[in-house]
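Observations on the three-dimensional arrangement
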Amino acid sequence: MSAPLVLAVPAKGRLQENAEGFFARSGLQLVKPRGARDYRGAVAGLDGVEVAYLSASEITTQLAQGAVHMGVTGEDLIREQIADADQRVVLIEGLGFGFANVVVAVPQAWIDVRTMADVDDVATAFRHHHDRRMRVATKYINLTRDFFARHGVIDYRIVESSGATEGAPAAGTAEMIVDITTTGTTLSANALKIVDDGLILRSQANLVAARTAPWTPEQRELARVILDRITAQQRARSFREVRARFAACDAALVAVARERFAVETPFGGPTSSGMLTLHCPPAQVYALTTFLRERGAEAVAVADLDYVFSKENPLFAKLEAGL
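A brief report on the enclosed structure follows. (Residues numbered from 1 in each chain as written. Predicted model: local features only at pLDDT ≥ 70, side-chain atom pairs only at ≥ 80, totals over all residues. Heavy atoms only, no water.)

Here's the deal with the pattern of salt bridges
Counted according to the given criterion, the structure contains twelve salt bridges. Between Arg79 and Glu75 there is a salt bridge; the shortest N-O distance is 3.3 Å. You can see Arg79 and its partner Glu75 sitting in helix α3 (residues 75-81), four residues apart, about one turn around the helix. A salt bridge links Asp86 to Arg79; the nearest nitrogen and oxygen atoms lie 3.0 Å apart. In this structure, a network of salt bridges that share partners links the residues Glu75, Arg79 and Asp86. (Salt bridge = Lys/Arg side-chain N within 4 Å of Asp/Glu carboxyl O. Helix = DSSP H or I, 4+ residues; strand = E, 2+ residues; numbered from the N terminus.)

Observations concerning the packing of helix α9 (residues 217-237) against helix α12 (residues 314-322)
With their axes 7 Å apart at the nearest point, α9 and α12 run at an angle of 140° to one another. Relative to α12, the element α9 lies oblique. In contact with Arg220, Ala223, Arg224, Leu227, Ile230, Thr231, Gln234 and Arg235 of α9, α12 contributes Pro314, Leu315, Phe316, Leu319 and Glu320. Partitioning the contact of α9 with α12 into residue classes produces seven nonpolar, two polar and four charged. (Axes fitted to C-alpha atoms, helices over the stretch in contact; angles between N-to-C directions. Parallel < 35°, antiparallel > 145°, perpendicular 65-115°, else oblique. Contact = heavy atoms within 4.5 Å. Nonpolar A, V, L, I, M, F, W, Y, C, P; charged D, E, K, R; others polar.)

Remarks on the sheet that holds strand β11 (residues 192-203)
The mixed open sheet is built from five strands, whose spatial order is β9-β8-β10-β7-β11. For this open sheet the edge positions go to β9 (156-160) and β11, each flanked by a neighbour on one side alone. Going across the sheet, the axis of each strand differs from the next one's by a mean of 25°, ignoring polarity. In terms of strand pairing, strand β7 (residues 100-107) meets β11 through seven bridges, oriented antiparallel. Within β11, the residue paired with Pro107 across the bridge is Leu192. (Pairing = 2+ DSSP bridges.)

Concerning the pairing of strand β10 (residues 176-181)
Burial runs high along β10: five of the six residues are buried. One ladder, built from five bridges, connects β7 with β10; its direction is antiparallel. Residue pairing across strands places Asn101 opposite Thr181, the latter belonging to β10. (Buried < 20%, exposed > 50% of the residue type's maximum accessible area, 1.4 Å probe, protein only.)

Below, the structure written as structure tokens:
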């Protein structure tokens, strides 16, 4: 029996719920045959896939080592924990949850500090005045060093944070911080503000593949099936199916609909019976139905789509290009 394709997902909390929901919407139900407390699972109806439940940080480490084939983890962890990330992993797709920004934040009392250039000036002045470097509290050591280097900031030292980073300036353990935030509310509550050009990374949960994992033909085929289902569900979410019946409909009308409403014609133009099927972006549905009725459509029906499979599989093509 060939080795399984290993898919790592977060082991607990909202990230696990979101990941399981994401796969379920694509028809990939994650199950734990040996009980809810087990840290190994499977994909219902898809033999050959082993699901490993790990922390997001452990998933990142396992991807870097090639110990799992694919995993769900934050881009912030990928960029922070894997120095040569683009050479070791393929970020296949953002999953639409786990959004957060890695930012530079300074005390609100620093009213003249608005940009990284101002941070550089303050850091230099701080060193001259105190005969030591300004402290930056963070869990994101590598991201901080890279970002500060790009902005020419050198008069600082990193204080590795193991707790609530946003409390470091008030506690006197650091002058400023680099941390992750979703709304900025916690930073404001701790009298901190984000530097105008201090956005280091916009992060979200990603489906990531390990370049160095042992990819057999069987494992590639399983990855193709998984990514095919995900792609089909994403396409379906991007469109509504609009079906119209005409006494007469020509290619010119379809061409206008394509240009004006960004529709697709998955099955070609109108049939001999006058039926026309279009896939339309949700925001354009009513305008399209009005257009069709004004041009002679006898009836127009609109329906949600579950999956739209096509010949192309861009997610698998991205994986193949990276392996």
